Amino acid sequence: MSRQILIAMSAITVAAGFLVFFGTYFAYMAVVILYPKSAEETFLSSLDFAVLGTLILVMLPFAVLVSLRLSRRILEPLESLALSARRITAGDLAARASAGERALGETAALIDDFNTMAQRLQDMAADMALWNATIAHELRTPLTILKGRLQGMIDGVFEPDEQSLQGLILQVDGLARLVEDLRTVTLADSGHLDLRIEPTRLAHQIEQMAEMMSHDLEADGFSLELDLADILVDVDATRIRQALLALVTNARRHAVRGKITIHLAAIGGEIVLGVADEGPGVAPEMVPRVLDPFVRGDPARSREFGGNGLGLSVVRAIVEAHGGRLHYRNAPQGGASFEMIFVKT
């Protein structure tokens, strides 16, 4: 590219020299024709060619100097960009390109965009490594229990009675739930979560869910209160029930015994479906990451109720797949309120 820039600048210089020379000459001839003077020659003379040659010889080194400086300003950042791209290809995601102090505006913008992309790749790789390590950790505990119990039954340490088998089934259910939650979050992040959107009267769907959940909630000391507007919403009813169940289960795990409220309303151009409890809410330091995968408010209670830290991530994935957002705020009763907000169509 440097050679091409040099040749192009030299050609421009020569062409400019010819244009200047001939333009001046023909203008001079026009003046002579209109205002005749004692001109000895009307065509190019040897002196004219000498002047032209001198002009080109003088301008060529200047063109070479300008083209070299221009090519250096263009090529140095591009060479840094190419080197960084090769390092990233080889696995060094920390590689960054340098624009230099005298890079052209467009080149500097290209370098900044490349470095931003490289940083995102590095962040994604770090998140993936953390994600894989966390998944392995979450799978290890139930698998260890399953293996230990089964080995104990083979060795005759445990009797394969109904209670032992029921405990194994619970561990398998936990694994199945973890796998399904991971599948939902992964599909949503990749934009492949299957949704069957259709007009749905959410109030009717929620009332049916409340009937099924009320007995178990009452057994744990909770009461369920509904505050539902009868509105038609374009959603996947099955996925919304899944998200709503996750929010109620989250309140059951972490809230004090009391009232859990499910509310549905149309506010402005949005549909708000939320679940609120009576406390203690989310600790302020946890609010920024409460929706992140594998984040638990109270690990002890999560273990007690079989939580894997993916519940709110699943809810967020489902809501965002609908084009909405999941919002946390403090409930009026002092607890936590998670709201699924959809754009009204």
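Let us look at the structure shown here. Model, not experiment: these values are computed from the prediction.

**A look at the overall build of the protein**
Thinking step 1. A tally of regular secondary structure across the protein gives eight helices and seven strands.
Thinking step 2. Here the protein holds 345 residues, and 34% of them are scored as buried.
Thinking step 3. At a minimum sequence separation of 6, the contacts of the protein that also span at least 24 residues come to 68%.
Thinking step 4. On the protein, roughly 20900 Å² of surface is accessible, and the fraction owed to carbon and sulfur atoms is 60%.

**Section: the sheet that holds strand 5 (residues 270-276)**
Thinking step 1. Across the sheet, which stays open at both edges, the five strands sit in the order 2-4-5-7-6 with mixed pairing between neighbours. Looking at the sheet topology across the chains shown, the edges are occupied by strand 2 (223-228) and strand 6 (325-330). Within this sheet the neighbouring strands show an average axis-to-axis angle of 15°, counted without direction.
Thinking step 2. Lying on the sheet, helix 5 (residues 202-219) is in contact with strand 2, strand 4 (259-267) and strand 5; it crosses strand 2 at an angle near 170°.
Thinking step 3. Set on the sheet, helix 6 (residues 237-254) makes contact with strand 4, strand 5 and strand 7 (336-343); between it and strand 7 the angle comes to about 165°.

**What about the environment of Asn330?**
Thinking step 1. The residue Asn330 is located in strand 6 in this model.
Thinking step 2. A relative accessible area of 56% means that Asn330 is categorised as exposed.
Thinking step 3. It is 9.0 Å that separates the C-alpha atoms of Asn330 and Gly279, two residues lying 51 residues apart in sequence.
Thinking step 4. Only 3.0 Å separates the side chain of Asn330 from the side chain of Tyr328, close enough to count as a polar contact.

**Structural notes on empty space enclosed by the protein**
Thinking step 1. Considering all chains together, one arrives at one cavity of 30 Å³ or more under this definition.
Thinking step 2. Computed from the structure, the largest cavity encloses a volume of approximately 30 Å³.
Thinking step 3. Looking at the lining of the largest cavity element by element, the count peaks at three residues for helix 6.
Thinking step 4. A per-class count over the lining of the largest cavity returns five nonpolar, one polar and one charged.

**Regarding the packing of helix 5 against helix 6**
Thinking step 1. With their axes 11 Å apart at the nearest point, helix 5 and helix 6 run at an angle of 35° to one another. For the pair helix 5 and helix 6, the sense of crossing is right-handed. Every residue of helix 6 that contacts helix 5 at Leu202, Gln205, Ile206, Met209, Met213 and Leu217 is listed here: Ala237, Ile240, Arg241, Leu244, Leu245, Val248 and Arg252.
Thinking step 2. In terms of residue class, the contact of helix 5 with helix 6 is built from ten nonpolar, one polar and two charged.

**Some details on the packing of helix 6 against helix 8 (residues 311-321)**
Thinking step 1. Look at helix 6 against helix 8: their axes get within 9 Å of each other, and the N-to-C directions meet at 150°. With respect to each other, helix 6 and helix 8 are oriented roughly antiparallel. Relative to helix 8, helix 6 is oriented so that their crossing is left-handed. Between helix 6 and helix 8, the residues in contact are Arg239, Gln242, Ala243, Ala246, Leu247 and Asn250 and Gly311, Leu312, Val314, Val315 and Ile318, respectively.
Thinking step 2. Along the lines of polarity and charge, the residues of the contact of helix 6 with helix 8 split into seven nonpolar, three polar and one charged.

What counts as what
- Residues numbered from 1 in each chain as written.
- Predicted model: local features only at pLDDT ≥ 70, side-chain atom pairs only at ≥ 80, totals over all residues.
- Heavy atoms only, no water.
- Helix = DSSP H or I, 4+ residues; strand = E, 2+ residues; numbered from the N terminus.
- Buried < 20%, exposed > 50% of the residue type's maximum accessible area, 1.4 Å probe, protein only.
- Contact = heavy atoms within 4.5 Å.
- Areas by Shrake-Rupley, 256 points an atom, 1.4 Å probe, with all protein chains shown as cover.
- Pairing = 2+ DSSP bridges.
- Axes fitted to C-alpha atoms, helices over the stretch in contact; angles between N-to-C directions.
- Polar contact = N/O pair within 3.5 Å; in protein donor to acceptor, adjacent residues only side chain to side chain.
- 1 Å grid on protein atoms, 1.4 Å probe; cavity = no way out; pocket = protein on both sides within 12 Å on 5 of 7 lines; lining within 4 Å.
- Points joined across faces, edges and corners; volume = space filled by probe spheres on them.
- Nonpolar A, V, L, I, M, F, W, Y, C, P; charged D, E, K, R; others polar.
- Left-handed = near helix turned anticlockwise from the far one by under 90°.
- Parallel < 35°, antiparallel > 145°, perpendicular 65-115°, else oblique.

That is the geometry; function is a separate question.
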